[in-house]
Structures are given as structure tokens and as C-alpha cells.
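Reading the structure
These are the residues of each chain, in order.
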Amino acid sequence: MGGIFISYRREDSAGHAGRIYDRLRERFGRDRVFMVDFVEAIDRAVGSCDVLLVIIGSKWLSCTDAAEKRRLDDPKDFIRLETATALKRGIRVVPVLVQKVAMPTEGDLPDDLKGAPEGIQDFTRD
């Protein structure tokens, strides 16, 4: 097994992501769990993982930038880049819903996150 990459927004799920990160590192080892928030490392880290966990909190879809534009609509948004990169590479994408949030619909997502390949699975309701 390669690694596990954790994608999250600091504004709404940093605490959840941190706890998930700690538990996964205990279980799978320090060198197999990745949690980064800078562009240069995204491609390398996502490319080296087998699974991308997308932690989706209450502001994941609605989080805005300084100009009040939805961040997920920005092609340079870290979360979007991480997820789109994984989907393009056929890496399994697992949404993890926290804070009692509903699964985003395809209509909520930018085009490069729509129509995900069979690798995307929702394990959060089981």
C-alpha cells in the first residue's frame, strides 16, 4: 500500500483532520499519511498515495476568499487541486463527512470534480 493523503479546509475541519491524521499515523505509520497545504507538494503527495480522504465540513462548499468568491470555484484552490489531481490519476477518493454535513451533489461541484470515476466512494454513512 502507498499512502493516505488527507485533504481538508482549515476553516471548518482542521480539528477533525488533525485527529484523523493522528489516528491514521498510529495505525499506518508516519511515512504513509500526508497532510499538506501548499501547492508544490500537492502533486507529489497526491501522486504517492493510494487513497485521498476529503474531509468535508460545514464550510467546505461555501468557504469564500477575500473577494467573497467561493474558494472551490477557484482553479487554484488547494482542496480543488488535491481532489482533481487524485480523480485524474484514478486514485480512490473517499469523502469523510463531519459536522453532520450532507454529501455535496454534483451540481455543487466545479466541472473537474464532477462525474468522478468509480474510485470515489462514500463510506461515511456505513
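So, here's what we can say about the structure.

Calculation rules
- Residue numbers run consecutively from 1 along every chain, following the written order of its sequence.
- In view of the model being predicted, local features appear only for residues whose pLDDT reaches at least 70, and side-chain atom pairs are presented and counted only at 80 or more, with totals across whole chains, interfaces and linings using the full set of residues.
- Processing note: side-chain calculations cover all non-hydrogen atoms of the structure and skip hydrogens and water entirely.
- In this text, helices come from DSSP runs of H or I with a minimum length of four residues, and strands from runs of E with a minimum of two, each type numbered from the N-terminal end.
- Contact definition: two residues touch when any of their heavy atoms are within 4.5 Å.
- Computed with a 1.4 Å probe, the accessible areas rest on the Shrake-Rupley method; for each residue, only the protein chains presented here act as cover.
- We call a set of buried residues a nonpolar core when its members are Ala, Val, Leu, Ile, Met, Phe, Trp, Tyr or Cys and they connect through side-chain atoms within 4.5 Å of each other.
- Classification of residues uses two cut-offs on accessible area relative to the type maximum, computed with a 1.4 Å probe and protein chains only: under 20% is buried, over 50% is exposed, and between them is partly exposed.
- Throughout this description, the term salt bridge denotes a Lys or Arg side-chain nitrogen within 4 Å of a carboxyl oxygen of Asp or Glu.
- At least two DSSP bridges between two strands are required for those strands to pair.

Turning to the overall build of the protein, a few remarks are in order. When its secondary structure is counted, the protein shows three helices and four strands. Seen in sequence order, the protein has helices and strands lined up from the N terminus as β-α-β-α-β-α-β. Taking the contacts inside the protein whose residues are at least 6 apart along the sequence as the reference set, 77% of them involve residues at least 24 apart. Of the roughly 7300 Å² that the protein leaves accessible, carbon and sulfur atoms contribute 50%.

V46, L52 and W60 are the most contacted members of the largest nonpolar core, which has 20 residues in total. At the level of elements, α2 (39–47), β3 (51–56), α3 (78–88) and β4 (92–97) are the ones that each hand at least two residues to this core. For this core, the leading source of residues is α3, giving four residues.

Once that is clear, we can look at the pattern of salt bridges. Summed over all chains, the structure comprises four salt bridges. Between R71 and D77 there is a salt bridge; the shortest N-O distance is 3.7 Å. Accessibility expressed as a relative area gives 21% for R71, which makes it partly exposed. What makes D77 buried here is its relative accessible area of 4%. In this structure, the salt-bridge partner of K114 is D111, at a minimum N-O distance of 3.5 Å.

Further remarks concern the sheet that holds β4. Read across the sheet, four strands follow the order β2-β1-β3-β4 without closing on themselves; strand pairing throughout is parallel. Looking along the sheet, the strands with just one partner apiece sit at the ends: β2 (33–34) and β4. Sheet analysis places strand β1 (residues 4–7) next to β2, joined by two bridges and oriented parallel. Note that in β2 the partner of I4 across the bridge is V33.

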